[in-house]
Amino acid sequence: MTAEELFWDLVEPMYADPAVQRSTMMGLPCVRLDGRFFAALDRRTGALLIKLPPERVRQLIDAGHGQPFAPAGWTFREWVAITVPDRRRWQVLLAEARDHAAAQQPR
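From a predicted model like this one, the values you see are computed outputs, not experimental measurements.

Asks: Explain the pattern of salt bridges to me, please; I cannot follow it from the model alone.
Replies: Close approach of charged atoms allows side chains of opposite charge to pair. The full count for this structure, using the stated rule, is eight salt bridges. Note that Asp34 and Arg36 form a salt bridge whose closest N and O atoms lie 4.0 Å from each other. Using a relative accessible area of 52% as the deciding quantity, one classes Asp34 as exposed. A salt bridge links Glu78 to Lys51; its shortest N-O distance comes to 3.7 Å. You can see Glu78 sitting in strand E6 (residues 76-82) and its partner Lys51 sitting in strand E4 (residues 47-51), a full 27 residues away along the chain. With relative accessibility at 24%, the residue Lys51 sits in the partly exposed group.

Asks: Sorry if this is basic, but what is going on with the side chain of Ser23 here?
Replies: Of note, Ser23 is situated in strand E1 (residues 20-25). A distance of 3.0 Å separates a polar atom in the side chain of Ser23 from a polar atom in the side chain of Arg32. Apart from residues no more than four positions distant in its own chain, Ser23 is found in contact with Leu28, Pro29, Cys30, Arg32 and Phe37.

Asks: It is not clear to me how the sheet that holds strand E2 (residues 28-33) should be interpreted in this structure. Could you clarify?
Replies: Picture the strands of a sheet paired through backbone hydrogen bonds; they go either parallel or antiparallel. Here six strands make up an open sheet; going across it, the order is E1-E2-E3-E4-E6-E5 and the pairing antiparallel. Strands with a single pairing partner mark the edges of an open sheet, and in this sheet they are E1 and strand E5 (67-69). Taken over all neighbouring pairs, the strand axes of this sheet differ in orientation by 30° on average, direction set aside. In terms of strand pairing, E4 meets E6 through four bridges, oriented antiparallel. The partner of Ile50 across the bridge, within E6, is Val80.

Asks: Help me out: how do you make sense of the layout of surface pockets in this one?
Replies: One simple way to see leftover space: roll a probe sized like a water molecule over the atoms. The space that makes up the largest pocket amounts to roughly 200 Å³. Taken together, 14 residues form the lining of the largest pocket, with Asp42, Arg44, Phe69, Ala70 and Pro71 sitting closest to its centre. At the level of secondary structure, the elements contributing two or more residues to the lining of the largest pocket comprise E4 and E5. A per-element tally of the lining of the largest pocket places E5 first, with three residues. When grouped by side-chain class, the residues that make up the lining of the largest pocket number nine nonpolar, three polar and two charged.

Asks: Explain helix H2 (residues 54-62) here, please?
Replies: Since the α-helix turns once every 3.6 residues, residues separated by three or four places project in the same direction. All buried positions along H2 are accounted for by Val57, Leu60 and Ile61. The buried residues of H2 occupy an angular sector of 100° when the element is viewed end-on, so they sit on one face. Facing away from the buried side of H2, by more than 90 degrees, are the exposed residues Glu55 and Asp62. In the stretch just after H2, Gly64 is the one whose phi turns positive, near 80°.

About the criteria used
Residues numbered from 1 in each chain as written. Predicted model: local features only at pLDDT ≥ 70, side-chain atom pairs only at ≥ 80, totals over all residues. Heavy atoms only, no water. Salt bridge = Lys/Arg side-chain N within 4 Å of Asp/Glu carboxyl O. Buried < 20%, exposed > 50% of the residue type's maximum accessible area, 1.4 Å probe, protein only. Helix = DSSP H or I, 4+ residues; strand = E, 2+ residues; numbered from the N terminus. Polar contact = N/O pair within 3.5 Å; in protein donor to acceptor, adjacent residues only side chain to side chain. Contact = heavy atoms within 4.5 Å. Pairing = 2+ DSSP bridges. Axes fitted to C-alpha atoms, helices over the stretch in contact; angles between N-to-C directions. 1 Å grid on protein atoms, 1.4 Å probe; cavity = no way out; pocket = protein on both sides within 12 Å on 5 of 7 lines; lining within 4 Å. Points joined across faces, edges and corners; volume = space filled by probe spheres on them. Nonpolar A, V, L, I, M, F, W, Y, C, P; charged D, E, K, R; others polar. Arc of directions from axis to C-beta.

Pasting the structure below:
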């Protein structure tokens, strides 16, 4: 299974919530909750990109589970790239990112 297939396989059950929708972000396939981006896939690298609080992003990077997401050299402090496709880890992190988006104030 490719990273993209894994991404969509894990995202598919999230569509049971009508607030979760497929979208694009900077040309990347992504998902949103009530319009707020929470996860994407970098097709070039096969990395899962997730939005979490900055301190959680730092924990994942420090633990060696992720890398900074820095397109064009600009680091996004609330995004982390999970470069190794791993069903269990990706599933947990996608749920964490969705829950983080749900906790954010509506726009």
